[in-house]
Amino acid sequence: LVVSTMSFEGQRGHGQQQVGLDEALMFEEEGGRHVVRAQSRAGDRPPPDLGSLRASAPAMNVSASADETDTYHTYDKVLSSLRGAGPEGGHKNFLIFFSGHQGSSWLADMVGSMPDVFVPGFEPLEVQNATASEKMEFIRRTFELPSTVEEYNTWIGELVTLSDAAGIRLGYDDLPTFEEVLQKRASGFKIRPYVGKRTGFRDLNLLWLKDTLEKYDVSIVLTTRQNTLKTAVSWYRAREKGLNQFHLTQSADFDADQRIEFDMGKFQRWLGFVEQSDRELRDSIAFFQRPTFTVDYEQLRLDPITTVQQVAQFLQVGDQQAPISARFRKTGSDSLRKMISNFEEFCNHFWQSPYQGMLGVESCEPLQSRDARSSPAGDAVPPPSSTAGAGASNSSHQGMANLVTYPNGTNSKDCFASGWSEKSDCSDLLYQSKLRAVLRARSRQAPVFFKHIHKAGGTMLCSVASSNVFTETRSLPNVDTWGTDCVPYEAFLSRPSPSLLANSLLKFQTVDADELTSHQGWLGGACFFGHLTPSAQHALPRAFPNLGFVASEGPMPDEFVLNLDYPLIVMMRDPYDRIVSAHKWWQFMTERFPGSLGSICSTYSAPTNSTLSVWIDYYPDNWVTRSLLGQRKLHNYHKPLTLEDLERAKNRLEAFAAVLVLEEYDLSLKVVEELFGWSNRGTRTEVNVSPGGRSDSNRELDDLTRQKVASTIQLDLQLYQHAHDLFWKQASQLGYGKSRRATA
């Protein structure tokens, strides 16, 4: 699926510009909630022919002996082969997409109790015996409500027959009379939107289902739960111990009766299942591209009345208040300490991992007073130590946490831009932020941001990212043969003239959150990230909500925020080799586009046809160090840098969740795979390499030119060594030691 980039539209933002797409999805804010609406693009281009694709995407076969924790990467093939988008539509028919233990049953029960809404049963298609044709027929009957008595009698008979023949779980007591049907303004049910042993999507052809949802204008209510750890705990208790999470009454000794011992090996499987099913949920939204409203379990539990009213507004059945049912409401303590008898072992297993904030405690110590002081998700995470969490050192989550390095230093200005007080321990707060951001990206709740150092393997990494998450796939505006290297397409719209691009006022122009999310005006092209204000840096996921990987070249922002909810990664390269490659790129650009500066971000100007020895006199010294420090340090490159500037650049590297090295490319991929759950998928893509092969300064630089280059990269050489140290600190957690080349 070549998915269009969805544009976040605020209350002021309308008139989204779309180029070369059949459809786009627009995010709008209504009463504090985010709504996705499909918006058609006018044009002569015919809709995509799905007929030839249906045969290549048959229903997936699931073994009868499959375990319930197995899911089958339902969308991998169809997402890679299909271009499509849904038509504009209203909010009448709906499906509740869920994966389990996220409050979906409680939500569906309350929504179904509204007089205007028809819900035919509790998870009606989550059965093993129903065939694909029977499921599709049930879906159609649910969405085709009768309008006459004759149609009603036939309709009721067909629903009951389907239920009896296929084992579909139809709520007979909930079947409406004809008079009640006439009052219905919305109909739907809950379903797991992925292929598994016992899911509604098992055996279904996804492309046929996509057509059906478009035909009946179906909207999606997506249920999620931010606390992945507690979701997995609920699954474990229900499946491994047979404990129902729903109780009508709560006895005085309820918590004591429900406290059980956890097998950490078995629980690890359920945690992996939850992470994968969460990814499948998000993939399903991207694939079907239907109007979507997201309900977080945490918000539903906190304020069910308002949440259900918002769902009713989304379904266009008014803002009526639904009865707050107790039938599917979870009761009992929400404290993991009270649910898990071996909580100390459980807690130590996940301490100093991205899941630490989800434990809800300040310490793993078995103190009774801790329960009364349980902290919400997101509590402070202390820095790693030689003793904390020692019992969990071999766990996969401990290893992932150790990959995220504890910062050796921070810049006071960056801490201030992050809103942290002078009395705060900035390093601790940065470490916490990096851990949470990695976990969010791992569960596809946030994109990965890639700081693309010019000519340092960024195109290769973009290619790998594109095989794992959604990336920008459109060509540059008016240049069909040239991709964006994972930079959002919208960043290139409204491009000024070359003379304006070279103007210092435009180079230092800032982009705030409103401008970024509404895609108004020139955002900065390939170098857009350097223009973002602190508020815009926070708003980046909202500006490009369908992208799982976002890249930007050029400088970092002058005011850089450390507490972003998405992780940052960077790829470094040997400074000599990078300089040689940068010169080749400049030569290519000036030949391809005569009269242009040929420099990334319009940073410098050099005489046409300059040799490397001449060109280096015009090229900014210590490019990588300057680009990490921000726009002013890069564009004001005639002002020399100091050793203090080098330390500030090193500190900015400490803010990255992963510092990769091109010379250790394969191992660098293993680091990102471990951090974000990516797969290399068996490819080592060599892209954007000159016809003569990858640049090699040892072969291509004579002694005099090498000495001249060396005088311009002294700080970059030291920064590269620091990056190497950070990289090997991460790689050592995977069991790798420094290579001979790195040591040399």
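Residues numbered from 1 in each chain as written. Predicted model: local features only at pLDDT ≥ 70, side-chain atom pairs only at ≥ 80, totals over all residues. Heavy atoms only, no water.

Engineer: Please give an account of the overall build of the protein chain that cites residues and values.
Structural biologist: Helix and strand counts for the protein chain come out as 33 helices and 14 strands. Residue burial in the protein chain is summarised as follows: out of 744 residues, 58% are buried. Accessible area of the protein chain: about 30,400 Å², with a carbon and sulfur share of 49%. (Helix = DSSP H or I, 4+ residues; strand = E, 2+ residues; numbered from the N terminus. Buried < 20%, exposed > 50% of the residue type's maximum accessible area, 1.4 Å probe, protein only. Areas by Shrake-Rupley, 256 points an atom, 1.4 Å probe, with all protein chains shown as cover.)

Engineer: Outline helix H7 (residues 206-215), supporting the account with residue identities and numerical values.
Structural biologist: Where burial is concerned, most of H7 is hidden: seven out of the ten residues are buried. When we look at burial in H7, the residues that qualify are Leu-206, Leu-207, Leu-209, Lys-210, Thr-212, Leu-213 and Glu-214. Measuring from the backbone nitrogen of Leu-207 back to the side-chain oxygen at the start of H7 gives 3.0 Å, which picks out Asn-205 as the cap. Just beyond H7, the residue with positive phi is Asp-217, at close to 55°. (Polar contact = N/O pair within 3.5 Å; in protein donor to acceptor, adjacent residues only side chain to side chain.)

Engineer: So what's going on with the sheet that holds strand S13 (residues 568-572)? Which residues, and what values?
Structural biologist: With respect to topology, four strands assemble into an open sheet ordered S12-S9-S13-S14, the strand pairing being parallel. In this open sheet, the two strands that pair with only one neighbour each are strand S12 (549-552) and strand S14 (658-661). Between one strand axis and the next, the sheet turns by 25° as a mean value, whatever way the strands run. Direction of pairing for S13 relative to S14: parallel, over a ladder of four bridges. Within the sheet, the bridge partner assigned to Val-570 lies in S14 and is Val-659. Seen against the sheet, helix H19 (residues 458-466) touches strand S9 (448-451), S12, S13 and S14 and runs at an angle of roughly 165° to S12. (Pairing = 2+ DSSP bridges. Axes fitted to C-alpha atoms, helices over the stretch in contact; angles between N-to-C directions. Contact = heavy atoms within 4.5 Å.)

Engineer: Give me unusual backbone geometry: which residues, what numbers.
Structural biologist: At His-101, a residue that is not glycine, the phi angle is positive and equals roughly 60°. Mapped onto the elements of the fold, His-101 is located in the loop between strand S4 (93-97) and helix H3 (104-112). Among the residues examined, His-101 registers a relative accessible area of 13% and is labelled buried.

Engineer: Can you tell me about the pairing of strand S6 (residues 186-191), naming the residues and giving the values?
Structural biologist: Among the six residues of S6, six are classified as buried, and the element is accordingly described as predominantly covered. Alternating positions in S6 separate into two faces, Ala-186, Gly-188 and Lys-190 on one and Ser-187, Phe-189 and Ile-191 on the other, with burial throughout. Across five bridges, the pairing between S4 and S6 is parallel. Paired with Ile-96 across the bridge in S6 is Lys-190. Pairing of strand S5 (residues 117-118) with S6, which is carried by two bridges, proceeds in the parallel orientation. Its bridge partner lying in S6, Val-117 is registered against Ala-186.

Engineer: Residues and numbers for helix H8 (residues 228-240), please.
Structural biologist: Helical periodicity: at 3.6 residues per turn, an α-helix aligns residues three or four positions apart in one direction. Between its terminal C-alpha atoms H8 stretches 18 Å, which fits the 18 Å expected from 13 residues at 1.5 Å a residue. Those residues of H8 not exposed but buried are Thr-228, Leu-229, Lys-230, Thr-231, Ala-232, Val-233, Ser-234, Trp-235, Tyr-236, Arg-237 and Ala-238. Immediately downstream of H8, the backbone of Gly-242 shows phi near 70°, a positive value. (Expected span 1.5 Å × (residues − 1).)

Engineer: Residues and numbers for the environment of Ala-513, please.
Structural biologist: As for its position among the elements, Ala-513 is in helix H22 (residues 513-518). In sequence terms Ala-513 and Thr-533 are 20 residues apart; their C-alpha atoms lie 7.4 Å from each other. For Ala-513, the contacting residues outside a window of four places in its chain are Thr-533, Ser-535, Ala-536 and Ala-539.

Engineer: Give me the environment of Gln-714: which residues, what numbers.
Structural biologist: Looking at where Gln-714 falls in the secondary structure, it is placed in helix H32 (residues 714-731). Gln-714 sits in the partly exposed class, given a relative accessible area of 41%. For the pair Gln-714 and Thr-625, spaced 89 residues apart in sequence, the C-alpha to C-alpha distance is 9.9 Å.

Engineer: Kindly report on the packing of aromatic side chains, identifying the contributing residues and their values.
Structural biologist: A full pass over the atoms with the stated rule returns 34 aromatic pairs. Each ring, one from Phe-676 and one from Trp-678, has its centre 5.9 Å from the other, and the planes form 50°; the classification is tilted. By relative accessible area, Trp-678 is classed as buried at 9%. Chaining the aromatic ring pairs together yields one cluster made of Tyr-236, Phe-262, Phe-267, Phe-346, Phe-350 and Tyr-355. (Phe/Tyr/Trp six-rings, centres within 6.5 Å; stacked < 30°, edge-to-face > 60°.)

Engineer: So, the pattern of salt bridges: which residues are in play, and what are the values?
Structural biologist: A full pass over the atoms with the stated rule returns 23 salt bridges. Among the ionic pairs, Glu-144 bridges to Arg-141, the shortest N-O distance being 2.2 Å. Classification of Arg-141 as buried rests on a relative accessible area of 13%. The salt bridge involving Asp-217 is made with Arg-290; its shortest N-O contact spans 2.9 Å. In this pair, Asp-217 sits in the loop between H7 and strand S7 (219-224) while Arg-290 sits in the loop between helix H10 (264-288) and strand S8 (292-296), placing the two residues 73 residues apart along the sequence. Classification of Asp-217 as partly exposed rests on a relative accessible area of 22%. (Salt bridge = Lys/Arg side-chain N within 4 Å of Asp/Glu carboxyl O.)

Engineer: I'd like to hear about the state of the cysteines, residue by residue, with values.
Structural biologist: One pass over the full model with this rule turns up four disulfides. A disulfide bridge connects Cys-415 with Cys-426, and the sulfur atoms are separated by 1.8 Å. Taking the sign of the S-S torsion, -100° for the link of Cys-415 and Cys-426, the bridge is left-handed. Linking Cys-415 in helix H17 (residues 412-417) with Cys-426 in helix H18 (residues 426-442), this pair joins segments that are eleven residues apart in sequence. Across the pair, exposure class does not vary: Cys-415 and Cys-426 are buried alike. The disulfide partner of Cys-462 is Cys-486, and the gap between their sulfur atoms is 1.9 Å. When the S-S torsion is 85°, as for the bridge of Cys-462 with Cys-486, the disulfide is right-handed. (Disulfide = S-S within 2.5 Å.)

Engineer: Describe the packing of helix H4 (residues 132-143) against helix H5 (residues 149-166), listing the residues and the values that go with them.
Structural biologist: At their nearest, the axes of H4 and H5 sit 10 Å apart, and the two run at 150° to each other. With respect to H5, the axis of H4 lies roughly antiparallel. Classified by chirality, the crossing of H5 by H4 is left-handed. Along the contact surface, H4 presents Glu-134, Glu-137, Phe-138 and Arg-141, while H5 presents Trp-155, Glu-158, Leu-159, Leu-162, Ala-165 and Ala-166. Its residues placed into classes, the contact of H4 with H5 shows six nonpolar, no polar and four charged. (Parallel < 35°, antiparallel > 145°, perpendicular 65-115°, else oblique. Left-handed = near helix turned anticlockwise from the far one by under 90°. Nonpolar A, V, L, I, M, F, W, Y, C, P; charged D, E, K, R; others polar.)

Engineer: I'd love a proper account of the environment of Leu-159, names of residues and values included.
Structural biologist: Relative to the elements of secondary structure, Leu-159 occurs in helix H5. Among the residues examined, Leu-159 registers a relative accessible area of 0% and is labelled buried. For the pair formed by Leu-159 and Pro-120, sequence separation is 39 residues and the distance between their alpha carbons is 9.1 Å. Residues contacting Leu-159, with those up to four places away along its chain left out, are Phe-138, Arg-141, Leu-170 and Leu-175.

Engineer: Would you mind going over the side chain of Asp-574 in detail, with residue names and values included?
Structural biologist: Mapped onto the elements of the fold, Asp-574 is located in the loop between S13 and helix H24 (575-592). Note on Asp-574: relative accessible area 19%, which makes it buried. A distance of 3.1 Å separates the side chain of Asp-574 from the backbone nitrogen of Tyr-576, its partner in a polar contact. Setting aside residues no more than four positions away along its own chain, Asp-574 makes contact with Glu-663, Ser-697 and Tyr-720.

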